[in-house]
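# Architecture at a glance
Given next are the chains, with one letter for each unit.
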4 protein chains.
Amino acid sequence: MDRSRLEAFSDGVFAVAITLLALNLAVAGPGHGPLLRQIGEHWPAFVAYLISFFTIGVIWVNHHALMQNVQAVDRTLLFTNLVLLLFVVVIPFATSTMAEYLTAGGQDANVAMALYAAIFEGMGLSFAAIFWWTLGEGRTIRAVPKEAKRAAWLRFSPGMIAYLMAVGVAFVSAEAALAIIGLAALYYVFERTPQA
Amino acid sequence: MDRSRLEAFSDGVFAVAITLLALNLAVAGPGHGPLLRQIGEHWPAFVAYLISFFTIGVIWVNHHALMQNVQAVDRTLLFTNLVLLLFVVVIPFATSTMAEYLTAGGQDANVAMALYAAIFEGMGLSFAAIFWWTLGEGRTIRAVPKEAKRAAWLRFSPGMIAYLMAVGVAFVSAEAALAIIGLAALYYVFERTPQA
Amino acid sequence: MDRSRLEAFSDGVFAVAITLLALNLAVAGPGHGPLLRQIGEHWPAFVAYLISFFTIGVIWVNHHALMQNVQAVDRTLLFTNLVLLLFVVVIPFATSTMAEYLTAGGQDANVAMALYAAIFEGMGLSFAAIFWWTLGEGRTIRAVPKEAKRAAWLRFSPGMIAYLMAVGVAFVSAEAALAIIGLAALYYVFERTPQA
Amino acid sequence: MDRSRLEAFSDGVFAVAITLLALNLAVAGPGHGPLLRQIGEHWPAFVAYLISFFTIGVIWVNHHALMQNVQAVDRTLLFTNLVLLLFVVVIPFATSTMAEYLTAGGQDANVAMALYAAIFEGMGLSFAAIFWWTLGEGRTIRAVPKEAKRAAWLRFSPGMIAYLMAVGVAFVSAEAALAIIGLAALYYVFERTPQA
């Protein structure tokens with residue numbers, strides 16, 4: 001089984017999920033107060049859109065880099081990849097639920113934020129599982145030297161730790177958890193560790 | 001007519017359908033009781049999402065494997081493939097209807113579950129029709145040996161029998177039918193019969 | 001400019017549009033009468049889904065066949081193709097509006113059906129424009145012999161005449177117009193005129 | 001990192017965004033007055049659909065032309081491209097909000113139109129940033145001669161000036177701003193400056 005159709009299908013899912021995020025951007029419409037005030041009151045929806053957009057974007061970029069070195073696609077990889085996509089596809093739902101409850105406030109804002117962070121943690125863990133799979137004998141086109149493996153784990157860790165922390169912090173302060181997740185996205189957009 | 005555009009179009013439809021599944025994940029929102037209780041009460045939506053996601057995923061994986069050995073694409077294949085996609089595209093609707101009625105309970109939960117199982121049976125039959133078509137003289141790149149054909153039919157049968165059973169069982173117990181469909185998805189994720 | 005990205009983008013639009021059709025399949029939900037009666041009362045939505053699905057499918061198949069012989073992609077082709085996609089993208093809206101008004105009955109059922117047929121006519125005309133463009137000097141990889149051109153026009157004509165007729169017939173009987181459009185889809189699924 | 005997956009992902013996002021535009025086409029449905037009058041009253045939705053459709057189409061065509069000459073894809077390009085897609089993905093939301101407020105009238109029609117124009121300006125600026133990036137040493141397959149660079153900037157400028165003007169004009173007359181944006185789309189569909 002060749003790699004190209006796995007990439008095409010994954011790209012399709014990433015592209016649809018990232019575009020569906022914007023379906024959650026909505027204002028109540030005419031007759032519900034000034035438009036700018038409506039947008040201001042729904043700020044969590046817009047911030048959440050930005051964070052989820054770049055997080056999916058980062059995962060797409062890393063997915064691309066990882067797959068490029070894969071020698072052969074077996075059923076284990078196909079289904080681990082499906083688990084990754086399972087989390088990606090849930091992100092628009094988790095994003096809109098989180099934004100809605102953050103706007104409303106109250107204790108469920110904490111629960112919704114913890115769920116949001118947990119989905120990102122699940123996505124990160126699935127990605128790590130795919131990376132771990134590629135380390136097996138003869139699974140990559142070019143051998144991955146030891147230092148590159150360590151560098152890769154060092155690149156994954158901040159995200160996985162940040163999302164886990166955010167799950168806990170969410171119960172204390174939803175806004176602080178959102179800031180942690182936003183910083184993780186920023187970190188990955190700008191980090192320059194050499195690729196494995 | 002070459003195979004690659006048939007695959008690209010099918011991959012697009014699979015990717016959009018699998019992502020649209022998550023549009024059905026929704027809670028009533030703030031002011032309708034605690035978030036976790038809302039999610040608990042909508043458990044059928046989340047279980048149905050998982051089952052439909054992996055069933056579409058399995059069909060995508062098998063579609064990929066089948067197409068890889070196809071020599072030439074004719075109009076019969078194109079339109080049989082369209083019938084397969086017709087069922088795939090209906091899955092998000094069948095999933096959300098089933099989940100909604102299972103949550104509400106009552107006799108229509110049975111009807112909705114039978115419809116859900118029937119859509120999967122239709123998808124399975126279309127897939128079998130495509131496989132049957134590939135068995136014709138000179139339609140595959142490599143000849144498919146007799147044992148491989150038998151192995152392939154053995155791989156298809158459990159699903160087609162399970163979905164048919166689920167249609168009937170649905171009228172007795174919707175939950176039991178859902179369990180059968182879920183087990184079929186699990187079976188296909190883990191089965192290791194060599195590919196035709 | 002090469003052909004492959006034009007095809008990839010068009011395939012994406014076809015795939016999304018054909019999948020969005022199913023978003024229009026919806027029942028009122030629990031508490032609005034028996035599920036089967038609800039489905040029965042919404043029969044236009046299901047019939048419309050089938051007809052629109054196969055019509056988009058046929059156009060996709062023909063688009064594929066036409067593009068395969070294109071030598072070079074210029075801006076005229078790109079923008080004529082965009083006009084074709086403009087009509088394809090509107091089909092889910094035209095389908096749901098038609099189904100809704102056909103269910104409700106009354107004079108607007110005729111108007112909605114005429115609009116539905118007009119969108120299909122627009123799609124057919126854009127497709128014919130693309131075909132007409134490919135007939136220019138040096139635009140195809142293989143020269144298209146005169147008989148093949150005539151055969152192609154013979155293949156296009158039934159649809160373009162059928163959709164135009166349906167626009168008119170819609171004002172007399174919406175159901176009759178729907179039958180005409182359905183027959184055109186059936187005709188194209190089964191017709192075997194050799195490809196240009 | 002090769003170019004093809006960047007193109008495939010971008011094409012997917014363009015295709016989904018352009019198709020989601022049509023989700024905003026909706027009439028109130030049976031029982032809300034004659035269908036044609038409903039469509040007439042919602043004319044901004046249909047005009048906005050046309051303008052947004054062709055603007056995304058033009059950007060897709062130009063994106064294609066630009067990428068074709070790119071030598072190697074680095075992280076700067078990947079993330080600048082993500083910023084471009086961020087604006088593309090928001091267009092369906094900006095389009096529907098603008099159409100809704102233009103239909104309702106009042107002062108928020110001006111605000112909504114300014115936001116709509118600002119999204120297009122953001123898209124134009126991101127595109128210019130990508131073009132500017134390609135001008136760096138050794139980033140294109142064929143060297144871009146000085147005149148071609150000047151021609152390219154001349155091609156970009158009208159759009160970027162038009163969208164900026166539209167942001168300002170929107171506060172005086174929303175309809176005039178819409179006309180400017182529509183003219184920019186028309187200009188790009190028909191302009192024939194040779195490609196860089």
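Scroll up to find the structure.
Let us look at the structure shown here. All values reported here derive from a predicted model rather than from experimental measurement. (Residues numbered from 1 in each chain as written. Chains lettered and ligands numbered in written order. Predicted model: local features only at pLDDT ≥ 70, side-chain atom pairs only at ≥ 80, totals over all residues. Heavy atoms only, no water.)

## Comments concerning the packing of aromatic side chains
Put simply, the rule is: Ring geometry is summarised as follows: Phe, Tyr and Trp rings, the Trp one being its six-membered ring, pair when their centres sit within 6.5 Å, and such pairs are stacked at plane angles under 30 degrees, edge-to-face over 60 and tilted between the two. Secondary structure elements follow DSSP: runs of H or I no shorter than four residues count as helices, runs of E no shorter than two count as strands, and numbering proceeds from the N terminus. For the exposure calls, accessible area comes from a 1.4 Å probe over protein chains only, and a residue counts as buried if that area is under 20% of its type's maximum, exposed if over 50%, partly exposed in between.
Counting across every chain of the model gives 44 aromatic pairs over all chains. Between Phe 9 of chain C and Trp 60 of chain D, the ring centres sit 4.1 Å apart and the planes meet at 20°, which makes this aromatic pair stacked. With Phe 9 of chain C in helix α1 (residues 3-20) and Trp 60 of chain D in helix α3 (residues 43-67), this pair bridges two chains. Accessibility expressed as a relative area gives 0% for Phe 9 of chain C, which makes it buried. Residue class for Trp 60 of chain D comes out buried when judged on its relative accessible area of 1%. Seen in terms of ring centroids, Tyr 187 of chain D and Tyr 188 of chain D are 5.1 Å apart; in terms of plane orientation they differ by 70°. Their pairing is edge-to-face. Take Tyr 188 of chain D: its relative accessible area is 9%, and that puts it in the buried class. Through pairs of rings, three or more aromatic residues link up here, namely Phe 127, Phe 131, Trp 153 and Phe 156 of chain A.

## Looking at the relation of the copies chain B and chain C
What counts is decided by this rule: To line up the copies, we fit them by least squares on C-alpha atoms, keeping just the residues with pLDDT of at least 70 in both. Contact criterion: two residues are considered in contact whenever any of their non-hydrogen atoms come within 4.5 Å of each other.
Rotating chain B by 90° and translating it 0.0 Å along the rotation axis places it on chain C, where the RMSD comes to 0.0 Å. The relationship between the two copies is best expressed as a four-fold rotation axis. An asymmetric contact is evident, with only 7% of the interface residues of chain B recurring at the interface of chain C.

## Some remarks on the interface of chain B and chain A
Applicable threshold: Accessible area, probed at 1.4 Å, shrinks when two parts are joined; the buried area is that loss added up over both. When a carboxyl oxygen of Asp or Glu is within 4 Å of a side-chain nitrogen of Lys or Arg, the pair counts as a salt bridge.
With 42 residues of chain B at the contact, the number on the chain A side is 30 residues. A buried area of about 3,100 Å², summed over both sides, lies between chain B and chain A, and 74% of it is on carbon and sulfur atoms. Summed over the three residues of chain B that lose the most area to chain A, namely Thr 19, Leu 35 and Trp 60 of chain B, the buried surface amounts to 20% of that side. For the pair chain B and chain A, the interface holds two salt bridges. Between Arg 5 of chain A and Glu 7 of chain B there is a salt bridge, with its nearest N and O atoms 3.8 Å apart.

## Thoughts on the relation of the copies chain B and chain A
When chain B is brought onto chain A, the operation consists of a screw motion whose angular component is 90° and whose axial shift is 0.0 Å, with 0.0 Å RMSD remaining. An asymmetric contact is evident, with only 5% of the interface residues of chain B recurring at the interface of chain A.

## Details of the nonpolar core
Under the convention used in this document: To define a nonpolar core, start from buried Ala, Val, Leu, Ile, Met, Phe, Trp, Tyr and Cys residues and group those joined through side-chain atoms within 4.5 Å.
Counting 270 residues, the largest nonpolar core has Phe 53 of chain A, Phe 53 of chain B, Phe 53 of chain C together with Phe 53 of chain D as the members making the most contacts within it. If near-sequence neighbours (up to four positions away) are discounted, Phe 53 of chain C is found in contact with Leu 82, Leu 85, Leu 86 and Val 89 of chain B together with Ile 18 and Leu 21 of chain C.

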